[in-house]
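Understanding the architecture of this molecule
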Amino acid sequence: MTIAATLGYPRIGPRRELKTALEAHWAGTLDEPGLLAAGAMLRARARVTQRANGIGHVASADFALYDHVLETATALGAIPDGYGWDGQGPASLATLFALARGARGTEAERAAGIAADVPALEMTKWFDTNYHYLVPRLSAATRFRLLHNRWADAVAEGLAEQCRTRPVLLGPVSFLLLSKTEDGSNPLALLPALLPAYEAALRGIAEAGAAWVQIDEPCLVTDLPAGAAEAYATAFRRLADAAPGLRLLLATYFGGLRDNLPIAAALPVAGLHLDLTRGRDGLEPALDALPAGHFLSLGVVDGRNVWRNDLRATLATLRGVAERRGTRNLMVAPSCSLLHVPHSLAREDALDPALKRRLAFAEEKLAEVSALARALDEGEGAIAATLAESDRAMAEWRADPRLRDATVAAALAAVTPRMAQRISAYPQRAVAQQQRLNLPRFPVTSIGSFPQTAEVRKARAAAARGEITAEAYDTRMKDLTAEAIAWQEAEGVDVLVHGEFERNDMVKYFGERLAGYAFTKHGWVQSYGSRCVAPPIIWADVSRPEPMTVDWASYAQSLTTKPVKGMLTGPVTMLFWAFVREDIPRAEVCAQIALAIRDEVCDLERAGIAIIQIDEPAFREGLPLRRADQPAYLDWAARCFRLSASGVADATQIHTHMCYAEFNDIIGAIAAMDADVISIETARSRMELLNAFTQFNYPNAIGPGLWDIHSPRVPGVEEMVGLLRQAAAALPSERLWVNPDCGCKTRGWAEVKPAMANLVTTARRLRAEAVA
Ligand SMILES: Nc1nc2c(c(=O)[nH]1)N[C@@H](CNc1ccc(C(=O)N[C@@H](CCC(=O)N[C@@H](CCC(=O)N[C@@H](CCC(=O)O)C(=O)O)C(=O)O)C(=O)O)cc1)CN2
Ligand SMILES: [Zn+2]
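Residues numbered from 1 in each chain as written. Chains lettered and ligands numbered in written order. Predicted model: local features only at pLDDT ≥ 70, side-chain atom pairs only at ≥ 80, totals over all residues. Heavy atoms only, no water.

As recorded in an unreviewed UniProt entry, the protein chain goes by 5-methyltetrahydropteroyltriglutamate--homocysteine methyltransferase and comes from Neoroseomonas lacus. According to the UniProt record, the Catalytic activity (unreviewed entry) comment for the protein chain is "5-methyltetrahydropteroyltri-L-glutamate + L-homocysteine = tetrahydropteroyltri-L-glutamate + L-methionine". Reading the Pathway (unreviewed entry) entry of the UniProt record for the protein chain gives the comment "Amino-acid biosynthesis; L-methionine biosynthesis via de novo pathway; L-methionine from L-homocysteine (MetE route): step 1/1." (UniProt positions renumbered as here; feature names shortened; annotations may be inferred.)

Right, dumping it as structure tokens:
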């Protein structure tokens, strides 16, 4: 019997119940039992949904209140000092959230023994997704041990409802490779210290009654560092011996194994999961390499995109495998956890019907998985109606005349290399820009957004429901913009922003103004903690029917004589933070978006906007996981950015912005983007990220973020002066800007006002030092 399986299910809840519960808990209106009950309810529903859709191996322990990597670390005892942990029992929720969000020294935190002012753990992208995880901070002093068996607990929770689940455990090697050590030493050196905790976890999982455990080792699809192969061999030998009755499924995803196949195939596990959506060519070699009797889990339903599966084509692939190996040891599954797609299409009543027929969200993907498994066992006839429906949807899709737009094709064909290049080189541009702008040294700016308060969101929701008029909504947003301009001016900020109050999201807002995009009503995907995004769907050729931001930018600029930055989202980010069509290359979709943004940039310039920021926070995220694939991506991504930015005169200053990136491996491409100024995230990594810029002699201007806006903690002037001095020691100070890490939309005014004031004071301090 083929097993229908999942690797993980969305945890935010179909109505974002987890978000609501978390935010209520943080606001003090939902107590701990209330929060835990909300989590239990979501897990129970996820189990029911998976079972109702025919899934045999239901995932468990895939849930986390904030982040599964963080909860793995805390369960294993990897808790740094200062966060209120007693060194004995499980970490409290207060400790968990202090690690996730930092502490401010509130009374409640003090009561929980949490040092005032401890910063949050570093947060970074989970592989090449838009999900963020917290980076465990380890050291030789970390005393790993199993503080509580969250995996065994999850198994028991399911069994109490007669649902036997397959718990998901982030594997020890990936766990270490995703962590950082305090002294920068190789985290793999901690493997011997870590393994006993994993062994205890597996023993507990077996005792709790699980038959299988899924051990995620996504690092196996990346270029492994030295020593990793040995680490895998050592680790899995120990894990296999820890609980002999328990079957281990080694799960790999986000790509193919390629040269790591021999490592994976040699491990003493019961089964191996392959991502066949991103590593299709890995199937044949795996079939050759896998020992007979090994279970093979085929990740054929895309867990990273929302398109409906071509069931007939997939079935042909599966049959090929079944003919070689039989179906006794086969599993059919999504390519990866369904964390990265929205919950369900059920409530999407406003989508174009033809488009909706092309889509499958998490719940619909479960049904695809079980239909495929069933067809393998019982033959096509068993799912005849489902197959016919899939065939119809595929045919309708391919024939849809709306997918291609001749005007867009013509515009792309007319692109010349000159169009992707500024008129003069940076040094000349810098002179022209300084003449026009006359900025002080260490100019102070912010990244664009100001607090998206409940009031702002309520007004937008009310306008969407027709409860207030579009005019009333616009007036309210304009008032907020005017207040923000006046406040920044009074505070002494040098380059102002309008605040982005009118935008629901930096990607969605533009998507809503571009042709070729579609939107869901409830298509939320967790980004980090309680924060969600509803990625737009790019399904047809993209073009810009009319200017998107010029009115707002002009209005804001009309209120002040100081420069106000025009604020746009760049083509690479518009691409990666959407669900993208797969019938044409991504590079082509990106170029279409680049041309649309280019028109907007030129319109802003014509409207008198002197500084235009084109955000590219997803630039690093788009980087292929394998070095061999990276140059091609970086080449088209940087070119698309330049295409969007290069329609302007020398004296127009182009900014870009990136957050949470390891810049070392892409610094050449960042330089190739040739933005006049780049603001980057550096506060959480304590300026570590600047090294890449220093070592590369990065030629243009840089604004290293001095305030980690992802944490509610407001850094003091001394701290920021320290960071800025560090930056000024590493980089030419005439090319340094002073700004936060990222936009302030998730913060409250009570944090933003003092933090911005501190930034201005910090810049003034350094200016005075430069004169002295
Ligand atoms: N797309 C994207 N990806 C990204 C980022 C980003 O900004 N955008 N930033 C990084 C991740 N950081 C993030 C930072 C903040 C949020 C965030 O604040 N998300 C909001 C939702 C943003 C949004 O689309 N808001 C809409 C819808 C808001 C909403 O929930 N409305 C309520 C009604 C509101 C009310 O009545 O009070 C509803 O629809 O139910 C709006 O403002 O209009 C949230 O989780 O709360 C997400 C990611 C990386 N990836
Ligand atoms: Zn940012």
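Side note on the coordination of the zinc ion (ligand 2)
For the zinc ion (ligand 2), the full set of protein donor atoms is His657 (NE2), Cys659 (SG) and Cys742 (SG), and the range of their distances to it is 2.1 to 2.3 Å. Donor residues for the zinc ion (ligand 2), ordered by position in the chain, follow H-x1-C-x82-C. Linking cysteine 659 in the loop between strand S20 (653–658) and helix H25 (667–673) with cysteine 742 in the loop between helix H27 (717–730) and helix H28 (749–771), this pair joins segments that are 83 residues apart in sequence. Of the residues examined, cysteine 659 reaches a relative accessible area of 4% and is grouped as buried. (Donors = N, O, S within 2.8 Å, 3.2 Å for Na, K, Ca; no water. Helix = DSSP H or I, 4+ residues; strand = E, 2+ residues; numbered from the N terminus. Buried < 20%, exposed > 50% of the residue type's maximum accessible area, 1.4 Å probe, protein only.)

Let's talk about the side chain of serine 179
Tracing the backbone shows serine 179 in the loop between helix H7 (172–177) and strand S7 (180–181). A distance of 2.7 Å separates a polar side-chain atom of serine 179 from the backbone oxygen of phenylalanine 175. Once residues lying within four places of it in the same chain are set aside, the contact partners of serine 179 are Val135, Pro136, Leu138 and Pro187. (Polar contact = N/O pair within 3.5 Å; in protein donor to acceptor, adjacent residues only side chain to side chain. Contact = heavy atoms within 4.5 Å.)

Some details on unusual backbone geometry
Despite not being glycine, aspartate 117 has its phi angle at roughly 75°, a positive value. Mapped onto the elements, aspartate 117 comes out in the loop between helix H5 (107–111) and strand S3 (123–125).

Let's talk about the packing of aromatic side chains
One pass over the full model with this rule turns up 20 aromatic pairs. Summarising the aromatic geometry, the rings of tryptophan 26 and tyrosine 66 are spaced 6.0 Å apart at their centres and angled 50° between planes, so their arrangement reads as tilted. Residue tryptophan 26 is found in helix H1 (residues 17–26), and its partner tyrosine 66 is found in the loop between strand S2 (58–60) and helix H3 (68–75); the two are separated by 40 residues along the sequence. Pairing phenylalanine 619 with tyrosine 633 gives two aromatic rings, centres 6.2 Å apart and planes at 50°, and the pair type is tilted. Residue phenylalanine 619 is located in the loop between strand S19 (611–615) and helix H24 (630–645), and its partner tyrosine 633 is located in helix H24; the two are separated by 14 residues in the primary sequence. For phenylalanine 619, a relative accessible area of 0% corresponds to the buried category. Through a chain of ring-to-ring contacts, the aromatic side chains of Trp126, Phe127, Tyr133, Tyr253 and Phe254 assemble into a single cluster. Taking the ring centre of tryptophan 26 as reference, the NZ or CZ of arginine 101 above it sits at 3.7 Å. Across from the ring centre of tyrosine 555, 5.0 Å away, lies the NZ or CZ of lysine 478, which sits over that ring. (Phe/Tyr/Trp six-rings, centres within 6.5 Å; stacked < 30°, edge-to-face > 60°. Lys NZ or Arg CZ within 6 Å of the ring centre and 35° of its normal.)

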